[in-house]
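An overview of the molecular structure
If you want the building blocks of each chain, they are given just below.
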Amino acid sequence: MVNGDGAHGPTEEAESRQDGNSEADGGEDSNEQEVIVIQDTGFTVKIQAPGTEPFDLQVSPQEMVQEIHQVLMDREDTCHRTCFSLQLDGNVLDNFAELKSIEGLQEGSLLKVVEEPYTVREARIHVRHIRDLLKSLDPSDAYNGVDCNSLSFLSIFTDGDLGDSGKRKKKGNELEQIDCTPPEHILPGSKERPLVPLQPQNKDWKPMQCLKVLTMSGWNPPPGNRKMHGDLMYLYIVTVEERHVSLTASTRGFYLNQSTTYTFNPKPANPSFLSHSLVELLSQISPAFKKNFTALQKKRVQRHPFERIATPFQVYSWTAPQVDHAMDCVRAEDAYTSRLGYEEHIPGQTRDWNEELQTTRELPRKNLPERLLRERAIFKVHSDFAAAATRGAMAVIDGNVMAINPGEETRMQMFIWNNIFFSLGFDVRDHYRELGGDAAAHAAPTNDLNGVRAYGAVDVEGLYTLGTVVVDYRGYRVTAQSIIPGILEREQEQSVIYGSIDFGKTVVSHSKYLELLEKTSRPLKVQRHNVLNEKDDKVELCSSVECKGIIGNDGRHYILDLLRTFPPDLNFLPVDGEELPPESQRQGFPRQHRHRLACLRQELIEAFVEHRYLLFMKMAALQLMQQKANKDTKTDTPAITETSDTPSEKCKNPLEGKELEESIPGLAQAKELAETLVGEDGSCIDPKSREVVLNACKAVGSISNTSFDIRFNPDIFSPGVRFPDDSADDVQKQKQLLKDAAAFLVSCQVPSLVKDCLDHSALPMDGATLTEALRQRGINIRYLGSVLEFVDKTPAKPPLPHTSFSCMCKTYLQDIPPGCHFLNCFLSSFPDAVAHLPPDELVSRRKNRKRRNRVPGGGDNTAWASLTPNELWKNIASEAQSYYHFTIQCDSADQVVEKYGLQKITLLREISVKTGIQILIKEYNFDSRHKPAFTEEDILNIFPVVKHVNPKASDAFHFFQSGQAKVQQGFLKEGCELINEALNLFNNVYGAMHVEICACLRLLARLNYIMGDHPEALSNQQKAVLMSERVLGIEHPNTIQEYMHLALYCFANGQLSTALKLLYRARYLMLMVTGEDHPEMALLDSNIGLVLHGVMEYDLSLRFLENALTINTKYHGPRSLKVALSHHLVARVYESKAEFRSALQHEKEGYTIYKNQMGEGHEKTKESSEYLKYLTQQAVALQRTMNEIYKNGSNASIMPLKFTAPSMASVLEQLNIINGIIFIPLSQKDLENLKAEVQRRQQLQELGKIEETTEDSRLELEDKIPID
């Protein structure tokens, strides 16, 4: 059962089954029990539907009857039925029963599909389902960002399914019919950046019209007397043949009635065509419907399931074509109900979100099946809640929801919709006055969300957080939260029994809360501490003072306002009388920030503690070594094994720990020594070692004297919080820790990020990936300026400026309504852009203009209308200066493009994605000085930008990680099994679509490929590409990577033209996202060049390979091994062109690099020198022939020289090398044998190269050289 409940559209195995794939027998739907029990064997049942032949269906005992329903509603021949029951020997099966619990159901049983009478609800579901079938190929839902639809274009480049063509391998001479020339704008050096190819036209999307109109009739609902006759509702239909008809949905089915637009006559027409299914009825009255509907369903079931399954969270597209707005009864109905899609499946209509979110957390989690069930439930509720909250936030800003305090001014209003509480990101009642007013109120929700995320991840039983979603929409920030039962009836003062509602003036505590929060204090590194309340009494807390504890009417302990879960960031919080460490001061910290809520990120805290732990170990070890040296006599220190649940001495992150161990010699032994010192309870063995530990603890700032334990007090430096005198020492220590942490960020984390960018282990391509790279290292975005300064000081600059640029603009954009005038000022070269207020189509409404615009916070929006490009860029520059302390000396887009090498199209993409603008996909002329680039019509839509918690599938993730570890140790088979298991568990928790499943599939494909199973690699990688397009977006950097991997596997599978198309697509996307100047481009161009070399397009191949060489030289320096490899690749193409002089020149360069870097004896150097000898021979032979020709004229008797097309094997070998794929099982003893083997193979290869000359395709010399 893949999608928690069947309600969310067809489940995955339904689709794979009916596509006839073999996955259906338990590969996809391994259910909870099966993970532990040996996979339960599936069995086959026969299904007999009215009017079709009986067919076989593979089912598993764990499935519910409901899932067979889903399969039937998706199958081509039964998809038009929704209202039926399944019967076994005349007994109706219960929809929610598991198959194994049904008596008499066994291999070969016959299940009959029996039509049931309709109810109003069933009739609605039927109409909705038919509408979905009619729209199944129509991408408009994906453009409009509804129902978790999103775009995918892979099938256009692969011409259908890769797997099939992979099976009937088109070997043989595929070379002839390939057209290899890419479109002009993809070639290296092209300055064009067209936008239209981003969404290539899919011929399947040309809508085959089945009906002109299908809508609810104006005669609804049926009058009382007709209800007695069984009328449920009326529909109005216009067929393609322009026939207007009225239908009745009755309990027996659908029939034609005699009503017209203006007269009501519910009597059946003659003939009435009574049919149980709407499709059957329409097929009888409209031949075009019958023909097109059948064709449409054929196409629908041929699509890959991953193109159709809903994604867990909505993905929005920033570009869309002009789509006609068609009549759609379901869309119209949905717009005015607060239901979300399928909620009619839930008894009781509206959902109590808080109850659902908290109940799923309370599910048992003792063993794997229970945990899977729990995690699946949590994930399902979370994604539903995020969708509901987003929809509600949009309704609030669009003015569709009434405030609960309508009398107050708009920015102070609060709203409740669908059991969710909404508030706006303004400083209401001067709550944040001391902390920075509106700027603080804008930052608080995201800080709070990080707190919710952190406490949710620790997952302590009995401690509850609110469902929280932060939505930025049309320039406003809305926080959506689930509602604590009973909170609306009470005053806040009465209900808060822990924490403070006035930033620490009055503080209360509660023993139960202390006990619950104590459990979170170790993983979150929060120190228990005392503060003084207004009566100067001590109050003990285990969180920041703002964190409030409220017991709801349901008896649960809730914590909220978690904005200060993590300690303050002193680099951005100047405090009188406090000095920062020199590392910070050198870089100009502390700096004034626009609010006082700047916190350190959780990732930073963990990295800092990890760093301190290593220090602690080293110090203890050094002292021990000294003691040993002093004593020289060994005393037996008995090793005490740690059995406690949370051994204090273990590294938080074993992986990082390991790498560090290897890099610090002697540390491993030191660790063992140090670990023997400390017992479980921290009691030390002998006083000498106790002293060692004590000294080490003091030195690293541990809060305990007997073991390593660093925690932070989040209330230090909070205005209004006072500490008792007896904890002055503690407070002093804590202040020092905070300063050290701030210094650690600047002196360790920023340089390590830049270093990673330089050695290319982290290479952000756009704003989103840059943000991710910063956050993984715990660097907040406000440090961008410092990162860029650091980049400026490094000799080889990684290309960060353009990615960071958009982040800078974003902070400025918080206050501007995004629109066409803004885009013109931002990007257009047109100097005097004027805002066109939208033309009032009905002039007389001018007078009410003032009233209508009262959206929350909607003050005077005309100020920005007079903005000029110069002012806009001045504002952006001053923003960058004040927020990031980074200087942009530009006052127009053109100067920015000039100075930072940015592209306007890239800026447009970044801004659109960050602000949620959707623009019309067409070619924009940014550089015209005569007219602005954008008009009102070009902005199609504004989408919300949503932040929420992503619940994790913990067990699956552990399997995945141990699988990765196994693969790195070289145990491919075991790794592969673990990762397959992880994939099953991921599917179990997340359903079929998720970012983490994408990573899983990519790794599986790579393993299949390394183990030589190319078709399987293709199939897995195809899924990874589709999923990446659907879940991350069609031009997300990860999607570009997936395209490159897929191209490699296609090439290996002999599908050369497809491989090229995929690489060209990847190059187009990369040009769009970052432009040509990016180290990744070198890898992509080497790939393209190699494939072109393989299909004998030498001149084209050279353009790409030489571009790769240039980029590699620029970013890796001329002496790097990457550059040597690039030289070698270029040399090979020149060799194929018989231009031996150029070939020799490049290979010599490569040889020199190898010799200097690796030494004479290294196999690479030897290989290169062999190749040089071979080239020299070839060159000499050519020269001889030429001399012969010159001497004897055209009648010379010459030996025809042979030139080779490179063999596919040799091209593939190079492709594998540049993509970092090594076919070696890496265990130590194998390595020696392998080295010898590899050298032997390479010598053979060198000989092989010369032999191939005689075997492979021959090009006679005369074709090449014109003779006078």
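Residues numbered from 1 in each chain as written. Predicted model: local features only at pLDDT ≥ 70, side-chain atom pairs only at ≥ 80, totals over all residues. Heavy atoms only, no water.

- By the naming in an unreviewed UniProt entry, the protein goes by Clustered mitochondria protein homolog and is assigned to Sparus aurata.
- One UniProt comment on the protein, placed under Function (unreviewed entry), says "mRNA-binding protein involved in proper cytoplasmic distribution of mitochondria. Specifically binds mRNAs of nuclear-encoded mitochondrial proteins in the cytoplasm and regulates transport or translation of these transcripts close to mitochondria, playing a role in mitochondrial biogenesis."
- The UniProt entry for the protein carries this comment under Sequence similarities (unreviewed entry): "Belongs to the CLU family." (UniProt positions renumbered as here; feature names shortened; annotations may be inferred.)

Some words on the packing of aromatic side chains
- On inspection of all chains with the given rule, the structure shows 30 aromatic pairs.
- Both rings, one in F822 and one in F826, keep their centres 5.5 Å apart while their planes meet at 20 degrees; by these two values the pair is stacked. Residue F822 and its partner F826 are both found in helix α27 (residues 820–827); the two are separated by 4 residues, about one turn of the helix. Side by side, F822 and F826 carry an identical accessibility label, which is buried.
- An angle of 10 degrees between the planes, with centres 5.7 Å apart, marks the rings of F986 and Y990 as stacked. Linking F986 with Y990, this pair stays in helix α33 (residues 972–990), spanning 4 residues, or about one helical turn.
- Taken together, the ring pairs connect F313, F379, F960, F986 and Y990 into an aromatic cluster. (Phe/Tyr/Trp six-rings, centres within 6.5 Å; stacked < 30°, edge-to-face > 60°. Helix = DSSP H or I, 4+ residues; strand = E, 2+ residues; numbered from the N terminus. Buried < 20%, exposed > 50% of the residue type's maximum accessible area, 1.4 Å probe, protein only.)

Focus on the sheet that holds strand β20 (residues 557–560)
- Read from one edge of the open sheet, 4 strands run β13-β20-β19-β16, paired in mixed fashion. In the strand order of this sheet, the two ends are held by β13 (463–464) and β16 (496–498), each with one partner.
- In the sheet, strand β19 (residues 548–551) pairs with β20 via 4 bridges, with the strands oriented antiparallel. The residue of β20 that forms the bridge with G549 is I559.
- Across the face of the sheet, helix α17 (residues 511–524) comes into contact with β13, β16, β19 and β20 while running at roughly 65 degrees to β20. (Pairing = 2+ DSSP bridges. Contact = heavy atoms within 4.5 Å. Axes fitted to C-alpha atoms, helices over the stretch in contact; angles between N-to-C directions.)

Description of the environment of N870
- Here N870 is to be found in helix α29 (residues 869–884).
- Between the alpha carbons of N870 and P831 there is a distance of 8.2 Å; along the sequence they are 39 residues apart.

Observations concerning the packing of helix α41 (residues 1140–1158) against helix α42 (residues 1163–1192)
- Viewed as axis vectors pointing N to C, α41 and α42 meet at an angle of 160 degrees, and their least axial separation amounts to 9 Å. In terms of orientation, α41 and α42 fall into the roughly antiparallel class. Between α41 and α42 lies a crossing whose hand is left-handed. On the side of α41, the interface is formed by F1140, A1143, L1144, E1147, K1148, G1150, Y1151, Y1154, K1155 and M1158, while α42 contributes K1164, T1165, S1168, S1169, Y1171, L1172, L1175, T1176, Q1178, A1179 and L1182.
- Grouping the amino acids of the contact of α41 with α42 by side-chain chemistry returns 11 nonpolar, 6 polar and 4 charged. (Parallel < 35°, antiparallel > 145°, perpendicular 65-115°, else oblique. Left-handed = near helix turned anticlockwise from the far one by under 90°. Nonpolar A, V, L, I, M, F, W, Y, C, P; charged D, E, K, R; others polar.)

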